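# Overview (structure and organization)
Chain by chain, the residues:
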Amino acid sequence: MPAMFDAAPSPPIAEFFKRPWEDRMAFVLDTMRKVSNETEPEGLVNTYSERMQSVVRSHRNLSLSRRDLRHPQVRITRSNAFDQPYSPWKQKHMLPLIEGGILSELIYGDKPVLINDLRVDASDPAAAYFEGMRSLAAIPLYDGGSAVNMVVFARRDTNGYAPEHFPEHVWLSNLFGRATAHLVLKEELGVAYASLDKELKVVADIQRSLLPTELPRIEGMDIAASYQTSQWAGGDYYDFFPLPGGKLGILIADVSGHGTPAAVMMAVTHSIAHTLHDEPTPPSKLLNFINRHLSARYTNGTGTFVTAFYGIYDPARRELLFANAGHNPPRLKRGRGGPNGIIEGDSNLPLGIDETERYVDSVQKLCPDDLIVFYTDGITEARAPDGELFGTERLDEVINTAEAGAQKMIDRLNAAVGTFTNHGPPNDDRTVLVICVS
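Residues numbered from 1 in each chain as written. Predicted model: local features only at pLDDT ≥ 70, side-chain atom pairs only at ≥ 80, totals over all residues. Heavy atoms only, no water.

### So, the side chain of Arg334
The topology assignment puts Arg334 in the loop between β12 (331-333) and β13 (341-342). A polar atom in the side chain of Arg334 sits 2.5 Å from the side chain of Asp370. If sequence neighbours within four positions are ignored, Arg334 has contacts with Pro339, Asn340, Gln364, Lys365, Leu366, Cys367 and Asp370. (Helix = DSSP H or I, 4+ residues; strand = E, 2+ residues; numbered from the N terminus. Polar contact = N/O pair within 3.5 Å; in protein donor to acceptor, adjacent residues only side chain to side chain. Contact = heavy atoms within 4.5 Å.)

This is the structure we're talking about:
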């Protein structure tokens, strides 16, 4: 390992403090600038050590650690006696582990030590490291109030270290030690976050695989969909169920909460919806089935619930038969005159709250060129930078002024929400389904 300090004799640390204060300040600033550029622990240690060569000139130096060890064990993590460098964070198994002796006494002593007439017994486990050394300075590096780590410097001459400057040396070394510990933690967190990010991406991929890969092609219907999560994975869910007679089941749901927990519950809801043995009609039948299983097995006592709207469109009759489990009622834009509004019926509790809840069917008559917008509350609760909500009034304004066509409506609405939020990241999942009937 490259020596961290020159082996050639040189003035002790006291000589550094005899320099003019301007020179010492220039040295300190230059050191701090170089150290601040380091982003990895190894680089920080090497840079700091190299800069300190002109301050602490030692013939032998060692870094010690007793982290995860028991008395009297001590691990030597660095030394200019090593023939090659080892990373104490990545190659711990390559580092010398000794028991007892002077190094153990020093690090478990938990305090700074100066020895100006050093004599190490030949039987000491660390004797080889101190051969020819006559003075020693041991500086504990505290973590959690204990000397978990330590740096030890040794010189061939007696009285090699000035005691009047030793307190400042201990102080600076511990500040450096804390900076190194923070970089180690940052690096470990980076690895952990990368691993977590990878796992969350897999969860998101699985979740998206549960959504329809293609939109249904039903004569007399124009369908478009938009799905955006606030995190890698989300709790919004939509689905389509082709039914006999050319009918189409349309389900949109929103799990309470965000992120991976909501995504797991979304997957559970999807699974339950697809285990109904009979046709999912009428809508109340499917919602009753999902609610019963969610309440009994998955959401009981957790505080989690799922809002859902399930409608079955009959193109022959131009009717939407639907049931609502506490979800935002869809918006209705009339294509050939007549008042725009919302598709309202009996709204029951969200799914997963009460196993005994029974859902009620309602009917909405539609006309040619009518347009229906199904959405989750991530749309209306999108926030502007000042915290204001997008709200249903802006939603209705977009719907009432948008061009005809399902995809055009989706594009117009997403653009309006993006502009309103200054294109900031969504604070909740946003799902929109638009259906035009002819």
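### A short note on helix α10 (residues 406-420)
Given a rise of 1.5 Å per residue, 15 residues ought to cover 21 Å, and the 21 Å separating the end C-alpha atoms of α10 matches this to within 8%. Residues of α10 that are buried: Ala406, Met409, Ile410, Leu413, Val417, Gly418 and Phe420. With its buried residues spanning 165° around the axis, α10 presents them on a single face. Looking at the buried positions of α10, the neighbouring elements they touch are β7 (221-228), β12, β16 (371-375), α8 (377-380), α9 (391-401) and β17 (430-437). Asn422, located one to two residues past α10, shows a positive phi value of around 60°. (Expected span 1.5 Å × (residues − 1). Buried < 20%, exposed > 50% of the residue type's maximum accessible area, 1.4 Å probe, protein only. Arc of directions from axis to C-beta.)

### Section: the packing of helix α6 (residues 259-273) against helix α7 (residues 283-298)
Here α6 crosses α7 at 130°, and the two axes come no closer than 9 Å. It follows from the interaxial angle that α6 and α7 lie oblique. Relative to α7, the crossing made by α6 is right-handed. Contact residues: α6 offers Met265, Val268, Thr269, Ile272 and Ala273, while α7 offers Leu286, Phe289, Ile290, His293, Leu294 and Tyr298. Taken together, the residues that form the contact of α6 with α7 break down as nine nonpolar, two polar and no charged. (Axes fitted to C-alpha atoms, helices over the stretch in contact; angles between N-to-C directions. Parallel < 35°, antiparallel > 145°, perpendicular 65-115°, else oblique. Left-handed = near helix turned anticlockwise from the far one by under 90°. Nonpolar A, V, L, I, M, F, W, Y, C, P; charged D, E, K, R; others polar.)

### A look at the pattern of salt bridges
Evaluated as defined, the whole model comprises 12 salt bridges. Between Arg119 and Asp117 there is a salt bridge, and its shortest N-O distance comes to 3.7 Å. Relative accessible area serves as the criterion here: at 64%, Arg119 is assigned to the exposed category. On the basis of relative accessibility, which here comes to 40%, the residue Asp117 falls in the partly exposed class. One salt bridge in this structure joins Arg134 and Asp117, with 2.4 Å as the shortest N-O distance. One end of the pair, Arg134, is in the loop between β4 (113-115) and β5 (135-143); the other, Asp117, is in the loop between β4 and β5, with 17 residues separating them in the sequence. Exposure remark for Arg134: the relative accessible area of 27% places this residue in the partly exposed category. Put simply, Asp117, Arg119 and Arg134 are held in one network by salt bridges that share partners. (Salt bridge = Lys/Arg side-chain N within 4 Å of Asp/Glu carboxyl O.)

### Description of the sheet that holds strand β6 (residues 146-155)
The antiparallel open sheet is built from six strands, whose spatial order is β3-β2-β1-β6-β5-β4. Only two strands of the sheet have a single neighbouring strand rather than two, namely β3 (97-99) and β4. The average angle at which neighbouring strand axes cross in this sheet is 25°, direction not considered. Looking at chain direction, strand β2 (residues 73-79) and β3 are connected through three bridges and run antiparallel. Each residue of the ladder has a partner; that of Gln73, found in β3, is Glu99. (Pairing = 2+ DSSP bridges.)

### Some thoughts on the nonpolar core
Formed by 47 residues in total, the largest nonpolar core has its most connected members in Ile250, Leu287, Leu294, Tyr310, Leu320, Leu351 and Phe374. Non-local contacts of Leu320, meaning those with residues more than four positions away in its chain, are made with Phe309, Gly311, Ile312, Tyr313, Ile343, Ser362, Val363, Gln364, Leu366 and Ile372. Counting residues in each nonpolar core, the second largest holds 22 residues, with Val74, Phe82, Ile98 and Leu118 among its members. (Core = buried A, V, L, I, M, F, W, Y, C linked by side-chain atoms within 4.5 Å.)

### Comments concerning the packing of aromatic side chains
Following the criterion strictly, the structure yields six aromatic pairs and no others. With centroids separated by 5.2 Å and ring planes inclined at 20°, the aromatic side chains of Phe309 and Phe322 adopt a geometry described as stacked. You can see Phe309 sitting in strand β10 (residues 306-314) and its partner Phe322 sitting in strand β11 (residues 319-325), a full 13 residues away along the chain. The pair Phe309 / Phe322 is uniform in exposure class, with both members buried. Judged by centre distance (5.4 Å) and plane angle (75°), the rings of Phe390 and Phe420 are edge-to-face. On the criterion of sequence distance, the pair formed by Phe390 in the loop between α8 and α9 and Phe420 in helix α10 is long-range, its members being 30 residues apart. (Phe/Tyr/Trp six-rings, centres within 6.5 Å; stacked < 30°, edge-to-face > 60°.)

### Describing the sheet that holds β16
Strand order in the open sheet formed by five strands is β7-β17-β16-β12-β13, with antiparallel pairing between adjacent strands. Edge positions in the sheet fall to β7 and β13, since each of these pairs with one other strand and no more. Across the sheet, α9 touches β12 and β16, and the angle it forms with β12 is around 25°. Strand contacts of α10: β7, β12, β16 and β17, with the helix running at about 25° to β7, the strand carrying the most contacts.

### Here's the deal with unusual backbone geometry
Cis geometry marks the peptide bond from His71 to Pro72; its omega dihedral reads 10°. Position of Pro72 relative to the elements: it lies in the loop between β1 (60-65) and β2. The amide bond that connects Thr281 to the next residue, Pro282, takes the cis arrangement and shows omega of 0°. Mapped onto the secondary structure, Pro282 falls in the loop between α6 and α7. Its identity as a non-glycine residue notwithstanding, Asp68 has a phi of 65°, on the positive side.

### Details of the pairing of β10
The buried fraction of β10 is high, at nine of nine residues. Of the two faces of β10, the one lined by Val306, Ala308, Tyr310, Ile312 and Asp314 and the one lined by Thr307, Phe309, Gly311 and Tyr313 are each fully buried. As paired strands, strand β9 (residues 248-255) and β10 are joined by eight bridges and run antiparallel to one another. The residue bridging Gly249 from the neighbouring strand is Ile312, located in β10. Where β10 and β11 come together, six bridges link them in antiparallel fashion. Bridge pairing links Phe309 to Asn324 in β11. The loop that links β10 with its antiparallel partner β11 comprises four residues; one of these, Arg318, has a positive phi angle of about 50°.

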